[in-house]
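So you can see what is in the structure, the chains are spelled out below.
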Amino acid sequence: MLSPPPFFLCCLLIVFLPFSILVSVNTNSIKIPLQLHPIFTRIKKGGSASILPISIRAVENTPRVAIRRPRLNGDGALLRRAARSNPNPILPPKVAFMFLTTVPLPFAPLWERFFARGNHTRLFNIYIHADPSRPYPLPFDGAFTGRVIPSSKPTRRAHHSLVAAARRLIAHALLDDPANSMFVLLSPSCIPLRSFPFVYRTLTNGSGKSFIEILAGEPGIEERYNARGEGSMVPAVPFESFRVGSQFFALARRHARVVVNDTALWSRFRRPCRDSESCYPEEHYFSTLLSMRDPLGCVPATLTHVDWTGSVGGHPRTYWPEEVGEEMIRDLRSARPRYGQDLVWGEGMNKRWDPFLFARKFAPECLEPLMRIADEFILEDS
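Residues numbered from 1 in each chain as written. Predicted model: local features only at pLDDT ≥ 70, side-chain atom pairs only at ≥ 80, totals over all residues. Heavy atoms only, no water.

### Looking at the overall build of the chain
Then, in step 1: Scanning the chain for helices and strands turns up twelve helices and 13 strands.
Then, in step 2: The buried share among the 382 residues of the chain stands at 52%.
Then, in step 3: Restricting to contacts in the chain with at least 6 residues of sequence separation, those with at least 24 account for 79%. (Helix = DSSP H or I, 4+ residues; strand = E, 2+ residues; numbered from the N terminus. Buried < 20%, exposed > 50% of the residue type's maximum accessible area, 1.4 Å probe, protein only. Contact = heavy atoms within 4.5 Å.)

As structure tokens, this is what we get:
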């Protein structure tokens, strides 16, 4: 029997080689166009669909995405592009509400009412970082439909992944809408304490300042500073520049750009921790960065109320349904934020009394009593 000619064998190889490679690839690593995956909506820009390759494994539990900016290849490209965004927000200014979550938002109905009361849809945007490794049996619908950022990644407490997630939220918000003026980070256990008009006026009052807790000399700060090993933070972050603050803040647009443009401090804070009991990068990175870059541009306090009395396992006090009522909301509203007392702010902080706009940490079971007082009390404009 005659052997097939070499030319014929080459033709067969050319025809069947791509097919053999495709069959041998593990299906979990197959890349597919984003708009063809059933979990995602079709993202369009300028009338044409963006072809955004994404791993099936990465989106198994991820809700629908409809953020208008295309997905970029990795955090580095995303942050560099966001750093080049317009530093001056266009008018009217908007507030970017950024939810960092690993669960379906338990207070979504309350936030829905907060956003829907009145006609303010042109004054805000919503962004969600949803850990794609967690299940989401309840969809992000209503005002939250399609607001999960496409670069969401797994996160865990007391880990630099929480800082990275907040940086991704800020980057997407910068790129998504040039009108975003203030960038508010919220947790799933946060609730609004005031109406949307009150919150909007407070955040866009023309001062251009960020609200971020910046505290120096806190107990245990030396252990926290050395949690990655002695000398690991220098020379980028000298010990005397290390600060503590709440994870939840409201940043002005210029400071949002400082965050996405930073590489020096981030290269230190993203290092793995040796002392996990003292390592809380989410409580240090943003406060330290803005204290070093522009302290006078910040009001050194958070507008998200939290009660650390009786904390358990490093978590603040949790509020339960039997506590919820008008008197409780009044008490939270009337509390005075804790202000940083660094000399850079002088005596001015002693005279400030900025209103708390949000509060945490509420158990999911608090939704029903909160909804009972939402319309006639919490969300009444004042």
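Okay, back to it.
### Quick look at the state of the cysteines
Then, in step 1: Tallied over the full model, the rule gives one disulfide.
Then, in step 2: Disulfide partner of C273: C279, at an S-S distance of 1.8 Å.
Then, in step 3: Relative accessible area serves as the criterion here: at 1%, C279 is assigned to the buried category. (Disulfide = S-S within 2.5 Å.)

### Here we look at the pairing of strand β5 (residues 94–101)
Then, in step 1: Among the eight residues of β5, eight are classified as buried, and the element is accordingly described as predominantly covered.
Then, in step 2: Neither face of β5 is open: one carries K94, A96, M98 and L100, the other V95, F97, F99 and T101, and all of them are buried.
Then, in step 3: Pairing analysis gives seven bridges linking β5 to strand β6 (residues 124–130), with the strands arranged parallel. Counterpart to A96 in the pairing with β6 is N125. (Pairing = 2+ DSSP bridges.)

### Here's the deal with helix α3 (residues 108–116)
Then, in step 1: Among the residues making up α3, those that are buried are A108, L110, W111, F114 and F115. Around the axis of α3, the buried residues are gathered within 155° of arc, so they sit on the same side.
Then, in step 2: The first or second residue beyond α3 is G118, which carries a positive phi of 85°. (Arc of directions from axis to C-beta.)

### Regarding unusual backbone geometry
Then, in step 1: For the bond running from V234 to P235, omega is 0°, close enough to zero to count as cis.
Then, in step 2: On the secondary structure map, P235 appears in the loop between α6 (221–225) and β10 (250–252).
Then, in step 3: In this structure, A158 takes a positive phi of about 55° despite not being glycine.
Then, in step 4: With respect to the helices, strands and loops of the structure, A158 is situated in the loop between β6 and α4 (160–176).

### Focus: the pattern of salt bridges
Then, in step 1: According to the stated counting rule, one finds 19 salt bridges in the structure shown.
Then, in step 2: A salt bridge links K94 to D177; the shortest N-O distance between them is 2.7 Å. Taken together, the residues span a long stretch of sequence, with K94 in strand β5 and D177 in the loop between α4 and β7 (180–186) at a distance of 83 residues. Here K94 and D177 have matching classes, each one buried.
Then, in step 3: The shortest N-O distance in the salt bridge between E283 and R224 comes to 2.9 Å. Here E283, found in the loop between α8 (264–269) and α9 (285–293), pairs with R224, found in helix α6; they are 59 residues apart in sequence, far enough to count as distant. (Salt bridge = Lys/Arg side-chain N within 4 Å of Asp/Glu carboxyl O.)

### Some thoughts on the packing of aromatic side chains
Then, in step 1: Under the defined criterion, the tally for this structure stands at 25 aromatic pairs.
Then, in step 2: Centroid distance F114 to F196: 5.7 Å. Interplanar angle 65°. Geometry classified as edge-to-face. Linking F114 in helix α3 with F196 in helix α5 (residues 196–203), this pair joins segments that are 82 residues apart in sequence.
Then, in step 3: With a relative accessible area of 2%, F196 lands in the buried category. (Phe/Tyr/Trp six-rings, centres within 6.5 Å; stacked < 30°, edge-to-face > 60°.)

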